[in-house]
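Breakdown of the fold
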Amino acid sequence: KLVVLGSLALGSLLYLVTRVGSLDRLQPTCPLDDTAGQIPLRSLQSKRGLPLHDLRPANATPPPRQHRGGRLLRTPARQQLPRAIIVGVRKGGTRALLEMLNLHPAVVKASQEVHFFDNDQNYARGIDWYRGKMPFSFPHQITIEKSPAYFITEEVPERIFKMNSSIKLLVIVREPTTRAVSDYTQVLEGKERKNKTYRRFEELAVDGATCEVNTKYKAVRTSIYAKHLERWLHFFPAEQLHVVDGDRLIADPLPELRSVERFLELPARIGRYNLYFNATRGFYCLRFSVVFNKCLAGSKGRTHPDVDASVVDKLRRFFHPFNQKFYQITGRTFDWP
Ligand code: A3P
């Protein structure tokens, strides 16, 4: 009896094994994924599932091939040169803009500032070094990096043009005097951390001898946006340059992000859900999914020192004509005094 039962069980097992094997052979082979050039409307959640950017250093080993619905995509992730760069302005809200754009499933950010085009030593390392600093991404995704010093560094527009003359450039600006004070505050904090003293903003921004605005002070020069922008326009047509209002990005980020999505020719995928106001921080923070939220680091949104009202007034008068020029060039008006 035992022998009969045993052989029956063995027979059934063999039948099942061959049956499953033949079913397996009947399955269609994995179709080639044909998403190159398109932007698949994947959910933000699924982007979180990708082993990209944030989760690895830029030059780490590539992630495994992407699976979707059990199918293996044949196009591997690779390090791609950026198709868009946030070129500045320092303290304009460059980090917030990069992080918020990174909410989009078709955008992959370089987490670190790369400083390839503004640093001669890095530039001499060549384009493959630069590519090696980029995160892994799929062909339908846009890599974006931000290095705020690009905006004010003379050599940069030509160097970027030589890499890719049709690249998309983003510039985020804030009211020039506020930006200058923010710039000062960052440097002041650095000095304090090293137990060093630093002069007051008023002493740096105004020339004590002439009582004129000190145009040699870098924080002042950086805020003369029109002058820097003109240099970029020697190389790039205005259509390739998009200006983001950094003050609006603070107060109500979504409309600014929508217009960047349009500029980058991406479908609108960043929504109200992805941004929530955090009263403790006093800023909008990012929501990637039900479980993954983040606010920017504490170094963003510092308390500025009080600045003498007469100096603020002097600076605003000084920037006024440059601002008018900036509005004229960009075709966009800002609520600056
Ligand atoms: P302050 O520190 O002067 O407030 P950058 O990233 O270019 O250095 O810009 C820093 C500025 O980004 C901060 O300047 C802050 O005001 C602004 N910012 C814009 N959106 C922000 C956000 N959601 N969270 C924190 N800071 C934000």
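The structure contained in this document is the topic of the report that follows. (Residues numbered from 1 in each chain as written. Predicted model: local features only at pLDDT ≥ 70, side-chain atom pairs only at ≥ 80, totals over all residues. Heavy atoms only, no water.)

1. Thoughts on the overall build of the chain
What counts, and what does not: Runs of H or I in DSSP of at least four residues are treated as helices and runs of E of at least two as strands, each being numbered from the N terminus. Classification of residues uses two cut-offs on accessible area relative to the type maximum, computed with a 1.4 Å probe and protein chains only: under 20% is buried, over 50% is exposed, and between them is partly exposed. In what follows, residue pairs with any heavy atoms lying within 4.5 Å of each other are defined as contacts. Surface exposure here means Shrake-Rupley accessible area, sampled with a 1.4 Å probe, where a residue is shielded only by the protein chains that are shown.
The number of helices and strands found in the chain is 13 helices and 12 strands. Counting only residues that meet the buried cut, the chain has 45% of its 337 residues in that class. Taking all contacts inside the chain whose residues are at least 6 apart in sequence as the whole, residues at least 24 apart take part in 73%. When the accessible surface of the chain is summed, it comes to about 17,800 Å², and 55% of that surface belongs to carbon and sulfur atoms.

2. Notes on the sheet that holds strand β7 (residues 142-146)
Formally: By definition, two strands form a pair when at least two bridges between them are found by DSSP. Helix axes are fitted to C-alpha atoms over the stretch in contact, other axes to C-alpha atoms as well, and angles between N-to-C directions run from 0 to 180 degrees.
Taken together, five strands build an open sheet; the order of strands is β5-β7-β4-β8-β9 and the sheet is parallel. Both outer strands of the open sheet, β5 (107-109) and β9 (241-245), are each paired with one neighbouring strand and no more. Strand after strand, the sheet turns through a mean of 25° between neighbouring axes, direction not considered. Taken together, the three bridges between β5 and β7 define a ladder with parallel strand orientation. Residue pairing for β7: Lys 109 is matched across the bridge by Ile 144. Across the sheet, helix α12 (residues 253-263) is in contact with β8 (168-173) and β9; its angle to β9 comes to roughly 170°.

3. Description of the pattern of salt bridges
Under the convention used in this document: When a carboxyl oxygen of Asp or Glu is within 4 Å of a side-chain nitrogen of Lys or Arg, the pair counts as a salt bridge.
Applying the stated criterion across every chain, the model contains 23 salt bridges. A salt bridge links Asp 183 to Arg 179; the shortest N-O distance between them is 3.0 Å. Taken as a pair, Asp 183 and Arg 179 lie in helix α7 (residues 176-193) at a separation of four residues, close to a single helical turn. Just as Asp 183 is buried, Arg 179 falls in that class too. The partner of Asp 313 in a salt bridge is Arg 317, and the shortest N-O contact between them spans 3.1 Å. Residue Asp 313 and its partner Arg 317 are located together in helix α13 (residues 309-330), separated by four residues, close to a single helical turn. Judged by its relative accessible area of 60%, Arg 317 is exposed.

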